[in-house]
Amino acid sequence: MEKRTNPRRFLTAVVVSDKMDKTRVVQVQTVQKHGKYEKQVRNFAKYKAHDEKNAAKTGDVVRIMESRPLSRDKRWIISEIVGAKV
């Protein structure tokens, strides 16, 4: 038997909204170097992630996993809460 590798992507994100039921809006930050000026540029992307237990709150750092489409906008699942907001 062949061993299949999991092609899913994992990202670290911060929860920016927890107003929906079982859905969290998370923001992912990536840092890239500008091609011409070589300055570090921060890029932000917001995703809707599924949170079955409504455990993540605004400000929490979470790890999200790519999944099949769960709704029109949701393609990510919160796999674990890395750090809670103090």
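Residues numbered from 1 in each chain as written. Predicted model: local features only at pLDDT ≥ 70, side-chain atom pairs only at ≥ 80, totals over all residues. Heavy atoms only, no water.

Topic: the overall build of the chain
Item 1. Secondary structure assignment for the chain yields zero helices and five strands.
Item 2. Along the chain, helices (α) and strands (β) appear in the sequence β-β-β-β-β when read from the amino end.
Item 3. For the chain, whose C-alpha radius of gyration is 15 Å, the value lies well above the compact-globule estimate of 12 Å for 86 residues.
Item 4. If you line up the chain on its principal axes, its C-alpha atoms span 45 × 45 × 25 Å.
Item 5. The buried share of the chain, reckoned over its 86 residues, is 23%.
Item 6. For the chain, restricting intrachain contacts to residue pairs at least 6 apart in sequence, the fraction spanning at least 24 positions comes to 48%.
Item 7. Element-wise, carbon and sulfur atoms account for 49% of the exposed surface of the chain, whose accessible area totals about 6800 Å². (Helix = DSSP H or I, 4+ residues; strand = E, 2+ residues; numbered from the N terminus. Rg over C-alpha atoms; globule rule 2.2 N^0.38 Å. Buried < 20%, exposed > 50% of the residue type's maximum accessible area, 1.4 Å probe, protein only. Contact = heavy atoms within 4.5 Å. Areas by Shrake-Rupley, 256 points an atom, 1.4 Å probe, with all protein chains shown as cover.)

Considering unusual backbone geometry
Item 1. Backbone geometry at Lys-22 places phi at a positive 60°, although glycine is not the residue there.
Item 2. Within the fold, Lys-22 resides in the loop between strand S1 (10–20) and strand S2 (23–33).
Item 3. Take Lys-22: its relative accessible area is 31%, and that puts it in the partly exposed class.
Item 4. One non-glycine residue with positive phi stands out, namely Glu-38, at about 60°.

Some remarks on the side chain of Ser-67
Item 1. Structurally, Ser-67 can be placed in the loop between strand S4 (61–66) and strand S5 (74–83).
Item 2. According to the relative accessible area criterion, Ser-67 is buried, its value standing at 14%.
Item 3. Setting aside chain neighbours within four positions, we find Ser-67 in contact with Arg-75, Trp-76 and Ile-77.

Side note on the confidence of the model for the chain
Item 1. This prediction gives the chain a mean pLDDT of 94; 98% of its residues lie at or above 70.
Item 2. When pLDDT is averaged over each element of the chain, strand S3 (residues 40–50) comes out on top at 98 and S5 at the bottom at 96. (pLDDT = per-residue confidence, 0-100.)

A few points about the pattern of salt bridges
For side chains bearing opposite charge, pairing can occur when the charged atoms are close.
Item 1. Counted under the stated rule, the structure contains six salt bridges.
Item 2. Residue Glu-52 pairs with Lys-22 through a salt bridge whose shortest N-O separation is 3.1 Å. One end of the pair, Glu-52, is in the loop between S3 and S4; the other, Lys-22, is in the loop between S1 and S2, with 30 residues separating them in the sequence.
Item 3. Lys-48 serves as the salt-bridge partner of Asp-73, at 3.2 Å between the closest nitrogen and oxygen. You can see Asp-73 sitting in the loop between S4 and S5 and its partner Lys-48 sitting in strand S3, a full 25 residues away along the chain.
Item 4. A residue is classified by how much of its surface remains accessible, and Asp-73, at 38% relative accessible area, is partly exposed.
Item 5. Through salt bridges with shared partners, one network takes in Lys-48, Arg-72 and Asp-73. (Salt bridge = Lys/Arg side-chain N within 4 Å of Asp/Glu carboxyl O.)

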